[in-house]
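Geometric and topological summary
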Amino acid sequence: MQQRYPFPKTELHLHLDGAILPSTLFEMAKERGIELPGNAQSPEELTPYVVYDPTCVSVNTFLEKFELPTTILQDQAALERAAYELVVRVANQGHMYADIRFAPQIHTRNGMTQAEAIEAVRAGIDRGLAATNGSVIVSLIVCCMSFGTADLNHEANLETARLAVEYHDRGIVQAMDLAGAEGFCHLTDFKDLFDIANEGKCPITCHAGDSQEPIEIRTAIEVFGSRRIGHGHHIYDDPDLIQEAIEKGVTLEVCPTSNLQCLTQPSYEEHPIKKLFDMGLHVTVSTDNPVISGVSVEDEYDHLKESLGFTDKELARMNLYAVEAAFCSDEEKEILKKKIEPYL
Ligand SMILES: [Zn+2]
């Protein structure tokens, strides 16, 4: 695959269910007898139902794109294939590293357990790694979910947190996250999940400060002890917290196009990622949901160059920041650092 940027790339924030090609969704739905939206007869006809339309300005419309992937990803074969294809795709796109994340509890509708879901995704990642000859290193993050107040799915989240620890001990899962919608309650209500991860020495990241105020990022940093924040761009509204994040070595997983599509930033030009970078905060760039958002990480680099004046060396430096914050082993980080250093 032709690449526009010479340096090896990374993504720290990549959701499996937002990264399945329309052609794969079409095939998997047909195999399972799942009805397609609009009675689509081809992957091309299916595309408008699973890829975000930039002319539409509703977050609900964005979230609706997850319905078909979620309906399909209810057996181990579907999850395995989705994970395998994503690993091969990012390797072909020139990635040297990716953290792939998914929420096991949304794949239990037809009786699959969370543990079976994790094992299926891990198997797909491992098959992808075997097929790409070591060109890319991949870590797996399992997400707890926020669907509303914390009591709504507390049992399912507790199970995810316990499995994160158990599977981390076995080298299958590298970290735990909390994903889903912000704003139904404060993040502090999810503290017990992060207590489980921390006590079990399972690394963590946490979605915070995308649609909500910096106070939620402060919770993730100070209460949960997270040194990575999913999105987190609203930290810009709290200069003291920016300084604290710099001192504590916090890394933000920023996904600019996703922020625009979810209406949490008004435009690329007004996105604070460059200002945060210039202040010395470790920001990184990912796609979040590359297929649903219709964006590759190189597209994100184009936006950052054209709208915010990032240089190629600065883009490469954000890839170094990503390596430093990656959930892979220290030995793997040394390999990755050597790959990016010539471009700094
Ligand atoms: Zn996300």
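The preceding data block contains the structure.
The rules behind the values
- Residues numbered from 1 in each chain as written.
- Predicted model: local features only at pLDDT ≥ 70, side-chain atom pairs only at ≥ 80, totals over all residues.
- Pairing = 2+ DSSP bridges.
- Helix = DSSP H or I, 4+ residues; strand = E, 2+ residues; numbered from the N terminus.
- Right-handed = clockwise from strand over helix to strand, strands pointing away.
- Buried ≥ 20, exposed ≤ 12 C-beta atoms within 10 Å, placed from the backbone.
- Arc of directions from axis to C-beta.
- Contact = placed C-beta atoms within 7 Å.
- Axes fitted to C-alpha atoms, helices over the stretch in contact; angles between N-to-C directions.
- Parallel < 35°, antiparallel > 145°, perpendicular 65-115°, else oblique.
- Left-handed = near helix turned anticlockwise from the far one by under 90°.
- Nonpolar A, V, L, I, M, F, W, Y, C, P; charged D, E, K, R; others polar.
- Expected span 1.5 Å × (residues − 1).
- Core = buried A, V, L, I, M, F, W, Y, C linked by C-beta atoms within 7 Å.

1. Overview of the pairing of strand 6 (residues 228-231)
Two elements, strand 5 (residues 206-208) and strand 6, share 3 bridges in a ladder whose sense is parallel. Along strand 6, the bridge assignment pairs Ala 208 with His 231. Regarding the hand of the β-α-β motif, the stretch spanning strand 5, helix 9 (residues 214-223) and strand 6 is right-handed. Two elements, strand 6 and strand 7 (residues 251-254), share 3 bridges in a ladder whose sense is parallel. Pairing of Ile 229 across the sheet is with Leu 252, part of strand 7. Remark: the strand 6/helix 10 (residues 239-248)/strand 7 crossover connection has right-handed handedness.

2. Here we look at helix 8 (residues 191-199)
Those residues of helix 8 that sit buried are Leu 193, Phe 194, Ile 196 and Ala 197. Angularly, the buried residues of helix 8 cover 150 degrees about the axis, an arc narrow enough to put them on a single face. Turned more than 90 degrees off the buried face of helix 8, the exposed positions are Asp 192 and Glu 199. Turning to helix 8, the residues buried within the fold contact strand 3 (137-146), helix 7 (154-169) and strand 4 (175-180). Downstream of helix 8 by a residue or two, Lys 201 has a phi angle that is positive, lying close to 60 degrees.

3. Describing the packing of helix 6 (residues 114-131) against helix 7
With their axes 10 Å apart at the nearest point, helix 6 and helix 7 run at an angle of 45 degrees to one another. Taken together, the axes of helix 6 and helix 7 are oblique relative to one another. Note that helix 6 runs across helix 7; the crossing there is right-handed. Between helix 6 and helix 7, the contacting residues are Gln 114, Ala 115 and Ile 118 on the first element and Glu 159, Thr 160, Leu 163 and Tyr 167 on the second. Within the contact of helix 6 with helix 7, the residues separate by chemical class into 4 nonpolar, 2 polar and 1 charged.

4. Focus on the sheet that holds strand 6
Spatially, 4 strands are ordered 5-6-7-8 in an open sheet, and the strand pairing comes out parallel. Bordering the open sheet on either side are strand 5 and strand 8 (282-285), each of which pairs with just one other strand. The average angle at which neighbouring strand axes cross in this sheet is 30 degrees, direction not considered. Running over the sheet, helix 9 touches strand 5 and strand 6 and is turned about 160 degrees from strand 5.

5. Focus: the sheet that holds strand 2 (residues 95-102)
Pairing is parallel in the open sheet, where 4 strands are placed in the order 1-2-3-4. If you trace the sheet from one side to the other, it starts and ends with strand 1 (9-15) and strand 4, each paired once. Across this sheet, the average inter-strand angle for adjacent strands is 25 degrees, counted without regard to direction. Sheet topology places strand 1 next to strand 2; 5 bridges connect them, and they run parallel. What sits directly across from Lys 9, in strand 2, is His 95. Packed onto the sheet, helix 7 meets strand 3 and strand 4 and runs at close to 155 degrees relative to strand 3.

6. As for unusual backbone geometry
The phi angle at Lys 201 is positive, at roughly 60 degrees, despite the residue not being glycine. With respect to the helices, strands and loops of the structure, Lys 201 is situated in the loop between helix 8 and strand 5. A tally of 9 C-beta atoms within 10 Å means that Lys 201 is categorised as exposed. The phi torsion at Asp 288 lies on the positive side, around 75 degrees, for a residue other than glycine.

7. What about helix 6?
In this model helix 6 runs 26 Å from its N-terminal to its C-terminal C-alpha over 18 residues, within 8% of the 26 Å that 1.5 Å per residue would give. Along helix 6, the residues classified as buried are Gln 114, Ala 117, Ile 118, Ala 120, Val 121, Arg 122, Gly 124, Ile 125 and Gly 128. On the buried face of helix 6, the contacting elements are helix 5 (76-92), strand 2, strand 3 and helix 7. Trailing helix 6 by a residue or two, Asn 133 shows a phi angle of about 50 degrees, which is positive.

8. Comments concerning the environment of Lys 9
Position of Lys 9 relative to the elements: it lies in strand 1. Its 27 C-beta neighbours within 10 Å are what place Lys 9 among the buried residues. Each C-alpha atom, one on Lys 9 and one on Tyr 236, is 25 Å from the other, the two residues being 227 residues apart in sequence. Ignoring any residue separated from it by four or fewer positions in sequence, one finds Lys 9 in contact with Gln 93, Gly 94, His 95, Met 96, Val 297 and Asn 319.

9. Considering the nonpolar core
Counting 106 residues, the largest nonpolar core has Ala 83, Val 121, Val 142 and Met 176 as the members making the most contacts within it. Take this core: its biggest share by element is 9 residues, from helix 5. Apart from residues lying up to four places away in sequence, Val 121 is in contact with Leu 16, Leu 79, Ala 83, Phe 102 and Leu 140.

10. Observations concerning the pairing of strand 7
Across the two faces of strand 7 the burial is the same, with Thr 251 and Glu 253 and Leu 252 and Val 254 all buried. Where strand 7 and strand 8 come together, 4 bridges link them in parallel fashion. Counterpart to Thr 251 in the pairing with strand 8 is His 282.

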